[in-house]
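Listed here are the chains, written in short residue letters.
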Amino acid sequence: MEEDQNENSTSPPATVIEEWNGTSSTKLTKTATITATSSSSISIKRSSNAFTHISQRILQAFVPEGFPSSVTPDYVPFQVWDSLQGLSTYVRMMFSTQALLSAIGVGEKSATVIGATFQWFLRDLTGMVGGVLFTCYQGSNLDSNAKMWRLVADLMNDLGMLMDLVSPLFPSAFVFIVCLGSLSRSFTGVASGATRAALTQHFALQNNAADIAAKEGSQETLATMFGMALGMLLAHITSGHSFAIWISFLSLTMFHMFANYMAVRSLSLNTLNCERCSIVLSQFFKTGQVLSPKQVSSMEHVLPSWLSSWTSKGSDSLYKRVYLGVRVSSLYSLAMVNLLQSAGLNHKKAKYLLQQERGIINIVTHKDSTAADILQSFIHALVMAKLGDQGGSMSLESQSWMDKHYEVFLLKLQSSGWKTERLLSSSVVWRANWLVEYSDGKHD
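This structure is a prediction, so every number in the text was calculated from the model and none was measured.

Here we take up the overall build of the protein. Helix and strand counts for the protein stand at 13 helices and eight strands. Out of the 444 residues in the protein, the part that is buried amounts to 41%. A separation of at least 24 residues holds for 70% of the contacts in the protein among residues at least 6 apart in sequence. Accessible surface, the protein: about 24,800 Å² in total, of which carbon and sulfur atoms supply 61%.

With five of its six residues buried, strand β6 (residues 352–357) lies for the most part within the structure. As defined by bridge partners, β6 adjoins strand β7 (residues 360–365) across six bridges and the pair is classed as antiparallel. What sits directly across from L354, in β7, is I363. Connecting β6 to the antiparallel partner β7 that follows it, the hairpin turn spans two residues, and R358 within it adopts a positive phi of roughly 55°.

In this section: the pattern of salt bridges. Within the structure shown, the criterion is met by ten salt bridges. A salt bridge links D82 to R196; the nearest nitrogen and oxygen atoms lie 3.6 Å apart. On the criterion of sequence distance, the pair formed by D82 in helix α3 (residues 75–104) and R196 in helix α6 (residues 174–203) is long-range, its members being 114 residues apart. The exposure class of R196 is buried, given its relative accessible area of 10%.

A few words on the UniProt feature "transmembrane region" (unreviewed entry) in the protein. The sites that carry the UniProt feature "transmembrane region" (unreviewed entry) are, in the present numbering, residues 99–122, 165–183 and 243–263. For residues 165–183, the end-to-end C-alpha separation is 15 Å, with 63% helix and 0% strand making up the annotated structure. In this annotation, residues 243–263 is assigned 100% helix and 0% strand; the end-to-end C-alpha distance for the span is 30 Å.

Right, let's talk about the nonpolar core for a bit. Where a protein is soluble and globular, its nonpolar side chains tend to be buried together. Ranked by size, the top nonpolar core spans 36 residues in total, and within it C277, L375, F378, I379, L382, F409 and L413 carry the most contacts. Here the element with the most residues in this core is helix α12 (residues 371–389); it accounts for ten residues. Every residue in contact with L413, bar those within four places of it in the chain, is listed here: L272, V280, V290, W418 and T420. With eleven residues, the next largest nonpolar core counts Y75, F203, A204 and A209 among its residues.

Moving on: unusual backbone geometry. Residue F67 is joined to P68 through a cis peptide bond whose omega torsion reads 5°. Tracing the backbone through its elements, the reader meets P68 in the loop between α2 (50–60) and α3. In this structure, N207 is a non-glycine residue whose phi angle is positive, near 55°. Considering the arrangement of structural elements, one finds N207 in the loop between α6 and α7 (209–238).

Tracing the backbone shows Q79 in helix α3. Residue classification places Q79 among the buried residues on the basis of a relative accessible area of 6%. Here Q219 takes part through its side chain, which lies 2.4 Å from a polar atom of the side chain of Q79. In contact with Q79, other than residues within four places in its own chain, are R196, F203, E216 and Q219.

We now examine helix α9 (residues 274–287). Compared with an ideal rise of 1.5 Å per residue, which puts 14 residues at 20 Å, α9 spans 20 Å between its outermost C-alpha atoms and is within 8% of the ideal. Listed as buried for α9 are E275, R276, C277, S278, I279, V280, L281, S282 and F284. Just past α9, the residue G288 takes up positive phi, approximately 80°.

In this section: the confidence of the model for the protein. Residues at a pLDDT of 70 or more form 79% of the protein, whose mean pLDDT is 81. Low pLDDT (under 50) marks residues 310–315, which in the prediction has eleven contacts with non-local residues, meaning those over four places away or in another chain.

To continue, consider the environment of W434. Position of W434 among the secondary structure elements: in the segment after β8 (419–424). Measuring from C-alpha to C-alpha, the distance between W434 and Y352 comes to 9.8 Å, with 82 residues separating the pair along the chain.

Here we have three strands laid out as an open sheet, ordered β5-β7-β6, and mixed in their pairing. Two strands in the sheet have a free side with no partner beyond their single neighbour: β5 (322–324) and β6. Each adjacent strand pair in this sheet contributes to an overall mean axis angle of 20°, direction not counted.

Right, let's get into the pairing of β7. A regular strand carries its side chains on alternate faces of the sheet. Of all six residues in β7, five are buried; the element is thus mostly enclosed. As paired strands, β5 and β7 are joined by three bridges and run parallel to one another. The partner of L324 across the bridge, within β7, is I363.

Each value, and the rule that gives it
Here, residues in each chain are numbered from 1, in the same order as that chain's written sequence. In keeping with the model being predicted, local features are shown solely for residues with a pLDDT of at least 70 and side-chain atom pairs are shown and tallied solely at 80 or more, while totals for entire chains, interfaces and linings include all residues. Side-chain calculation: all heavy atoms of the structure are included, whereas hydrogens and water are not. Runs of H or I in DSSP of at least four residues are treated as helices and runs of E of at least two as strands, each being numbered from the N terminus. In this scheme, a residue with accessible area under 20% of its type's maximum is buried, one over 50% is exposed, and one in between is partly exposed, where area comes from a 1.4 Å probe on protein chains only. Whether two residues are in contact is decided by their heavy atoms, any of which lying within 4.5 Å being enough. For every accessible area listed, the method is Shrake-Rupley and the probe measures 1.4 Å; residues are considered covered only by the protein chains on display. Only strands joined by at least two bridges in the DSSP assignment are considered to pair. One speaks of a salt bridge when a side-chain nitrogen belonging to Lys or Arg is within 4 Å of a carboxyl oxygen belonging to Asp or Glu. UniProt positions are given in the numbering used here, feature names are shortened, and annotations may be inferred rather than shown by experiment. Residue types Ala, Val, Leu, Ile, Met, Phe, Trp, Tyr and Cys, when buried and joined through side-chain atoms within 4.5 Å, form a set referred to as a nonpolar core. Polar contacts here mean pairs of N or O atoms no more than 3.5 Å apart (in protein, one a potential hydrogen donor and the other a potential acceptor; neighbouring residues in sequence count only if both atoms are side-chain atoms). One less than the residue count of a helix, multiplied by 1.5 Å, gives the span that helix is expected to have. pLDDT expresses how confident the predictor is about each individual residue, on a scale running from 0 to 100. Note on geometry: axes are lines fitted to C-alpha atoms, helical ones only across the stretch in contact, with angles between N-to-C directions running from 0 to 180 degrees.

Encoded structure:
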């Protein structure tokens, strides 16, 4: 009887529910502990203050969900430098816009609305046409050289702003100068947008490219607001002092170029383009080991070779001797004869043909070749060029090397973090089909 009474007097067990907040299972913060001691009694104990919760919500507007595990390690350094260069851009934009409006005649009684509108129309029209032409000429190449074109895009933007600032100094050539500036910035818009899309895909580790793009937009908006405020302040301080305006503009431009260079240098892309393929293969020839994307990033050049010869110092230039997707009818007669003989020997299985001419390796791709075939053809051509430098029999030895080492090389690339699905290169627009025609008219 006493045991029954003791059991009845024992209080029921308390149920505890913990409240956690966060965008990732690895980045959670306990915000409250809720305890139910009876059917009508509940106690809530807060684990974090309101300031911490608000700061976390603000941070979520600027960093991707699941940060930092949802992005690559080079995301933070790139975004820091990219935000700094964006800040300097919007500060300088106040100077260039001020000069442009002054040249058009804002504030002057002699200026007409129709005249200013026509000048602005010509400026915008030139930029639009330039953007379309640039896309036609270089659109397919932006993916394969994202780092270089990202840097070139901002350099062209600097040139465009410089044109706007210079335009009031030459009233007779004002329209021509501002149209050149607009043309320069149109290249920036196309190249910057295309390379940004490629970089966003690189940063996304959890198929979160859209989230990264949205948060990048928030970061850019914040940099824009600060940049415009600083620009207005600086424009007010330097108003009427041409020397101070030029010193400020050129100083900010130098910083802008430096920040862009550091941003691009911080990237470690794991996709294979022509230059990265060349660097990795050369190292594999020497040591039998494959360099990681981070190691290769410090060796590849980011400036165009026509802009500065020293940029290629330390990088492998083997890829410059390989031409992918060559048009068959553009070859010399003797080279075409050799290619036809090669096609006759390999017509049933080959998805590409290699032709060597004066140290240059031409690649003719089959009309049915896949992305994997194009990657294999380019690596085969690099091997042929490398063996040619060593004085070997290029055709036979390169084929022997491919038979023995190509699969191992691909596996080592993958284990080192490289993507081997395709080669990032300019579009292969010229292809060929080879078959053997017998005397009775049959084809094989």
